[in-house]
Amino acid sequence: MKKSPRRYLRILLFLLVIVLAVLNATDGRPSDGSHPLAFLVGGLGPIAGLQLGQLVTLAVGRAGGYALLGLSLGMGPRLREWQVGGMPFTVRRVPVPFLAGSWVIADRPGLRARLWLATAASTGVQLALGLWLVVAGSGAGRYFGLGVLLLPALMLTWFAKVPLSAGWVLLRLPFLPADALAPFAATGDELATTRALRAGRIAEAAALPVPGTGFQGRHLRACLALARGEYESALAEAGRAATLAPHARHGAPAQLLLAAALVGAAETGLLPPADYLARLDRAIETARTAQPALARASAAAADLALLEGRREEALALARQAVGNAPDRLWLAVAECSHALALASLARTADARAALDRARAAAPELARIGWVARRIELNVIEA
């Protein structure tokens, strides 16, 4: 079968990075004696390129069809969070000057063209800087340029089949049907529901119009049902969202929602062990395969470990989920799991403190009341 021009372009972009690396080592320029340092600086290139792309997206995001949900500074587990302008601003534990935004695609007029232009601007700036450093620089500067080029080259080649990646938007979207962005675009009401849930304001989210029945809408319905303790509904909606997901990476959040709903159903006696343990393990593994970092932010693995009697492992996994929780709702869910794991080890005072943190993050989360009763009655089984 004949290769499309887009595939040739992706192959050429990928080969360009390899050729530049070879030229850098063999072009005969005088060495500055800093090769070990050059490799180290080159390793910082992808981070710098990613930061540059983030800054460009922050500058043109709204015009480009993006809606900002929050900002974070640094890397690694969360350290502190403040509300700034109605949006969360999270400081991460690793103090590197890296500013990142959390985004959702907003259903606005001209979304297709807006998104393409915004992605072209972000990717183009990274490519231009990387190429300039490689061509005009020397020593560490050239290695740094190669590092800057690495991320956009991968996005335009290796990850081009992943919806919403730079390669998908720039090279595939123009040739896809007009409704190609429909599964990802959140309506105004869905955006408001997303922001309320992320901030832990469950009653406010429930008072908004019911989300639609597409991929985004089903995901939000499942999330809201989970927060309110309606686990049967959460299971059904999360299953539908996973089915509608256009790619495994986009299906990972739905799988983690499904896992959390299975945990809730198990805790409240809606499902017997024979019905939920295998399904829970399968949902967690599916999400972990598609998006390992996202799976670390979910407490479902900690809940599974506790249900199977692995108490110390459950505690370690719950702490990991607390540190990586993406928003207040999931922080509250993780702190509930943290409290249960602590209580299973007879650390009741620490368990109550974890539950207090869950209340502070999302006081209306239904699971908090159930966990509180289990702790006070001292009936944590594992």
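Residues numbered from 1 in each chain as written. Predicted model: local features only at pLDDT ≥ 70, side-chain atom pairs only at ≥ 80, totals over all residues. Heavy atoms only, no water.

- Under an unreviewed UniProt entry, the protein chain has the name Tetratricopeptide repeat protein and belongs to Kitasatospora cinereorecta.

Overview of helix 11 (residues 273-290)
- With 18 residues, helix 11 should reach 26 Å at 1.5 Å per residue; the first-to-last C-alpha distance of 26 Å fits that figure.
- For helix 11, the set of buried residues is Tyr 276, Leu 280, Ala 283, Ile 284, Ala 287 and Ala 290. All buried residues of helix 11 fall inside an arc of 135° around its axis, so they share one side. Turned more than 90 degrees off the buried face of helix 11, the exposed positions are Ala 274, Arg 282 and Thr 289.
- In this structure, the buried residues of helix 11 make contact with helix 10 (248-267), helix 12 (292-296) and helix 13 (300-307). (Helix = DSSP H or I, 4+ residues; strand = E, 2+ residues; numbered from the N terminus. Expected span 1.5 Å × (residues − 1). Buried < 20%, exposed > 50% of the residue type's maximum accessible area, 1.4 Å probe, protein only. Arc of directions from axis to C-beta. Contact = heavy atoms within 4.5 Å.)

A short note on unusual backbone geometry
- Its identity is not glycine, yet Leu 164 carries a phi of approximately 75°, on the positive side.
- Given a relative accessible area of 28%, Leu 164 falls into the partly exposed group.
- A positive phi angle, close to 65°, is found at Ala 346, a residue other than glycine.

Some points on the packing of helix 3 (residues 111-136) against helix 4 (residues 140-156)
- In the contact formed by helix 3 and helix 4, the axes pass within 7 Å of each other and the chain directions differ by 150°. Helix 3 and helix 4 meet at a crossing whose hand is left-handed. Each of Thr 123, Gln 126, Leu 127, Leu 129, Gly 130, Leu 131, Leu 133 and Val 134 in helix 3 lies in contact with helix 4, whose residues at this interface are Gly 141, Arg 142, Phe 144, Gly 145, Leu 146, Val 148, Leu 149, Leu 151, Pro 152 and Leu 156.
- Residue classes in the contact of helix 3 with helix 4 are distributed as 12 nonpolar, 5 polar and 1 charged. (Axes fitted to C-alpha atoms, helices over the stretch in contact; angles between N-to-C directions. Left-handed = near helix turned anticlockwise from the far one by under 90°. Nonpolar A, V, L, I, M, F, W, Y, C, P; charged D, E, K, R; others polar.)

What about helix 16 (residues 348-361)?
- The terminal C-alpha atoms of helix 16 lie 20 Å apart, and with 14 residues this matches the ideal 20 Å at 1.5 Å per residue to within 8%.
- Taken as a whole, helix 16 has its buried residues at Ala 351, Ala 354, Leu 355, Ala 358 and Ala 361. All buried residues of helix 16 project into a common sector of 115° when viewed along the axis, lining one side. Residues of helix 16 that are exposed and point over 90 degrees away from its buried face: Ala 349 and Ala 360.

Side note on the pattern of salt bridges
- The full count for this structure, using the stated rule, is 17 salt bridges.
- Of the charged contacts, one joins Arg 198 and Asp 327 as a salt bridge, the two residues approaching to 3.8 Å between their closest N and O atoms. One end of the pair, Arg 198, is in helix 6 (residues 188-198); the other, Asp 327, is in the loop between helix 14 (311-324) and helix 15 (328-344), and 129 residues separate them in sequence.
- Here Arg 310 ties to Glu 308 by a salt bridge, and the two come within 2.5 Å at their closest N and O atoms.
- When salt bridges that share partners are traced, they join Arg 218, Arg 221, Glu 237 and Arg 240 into one network. (Salt bridge = Lys/Arg side-chain N within 4 Å of Asp/Glu carboxyl O.)

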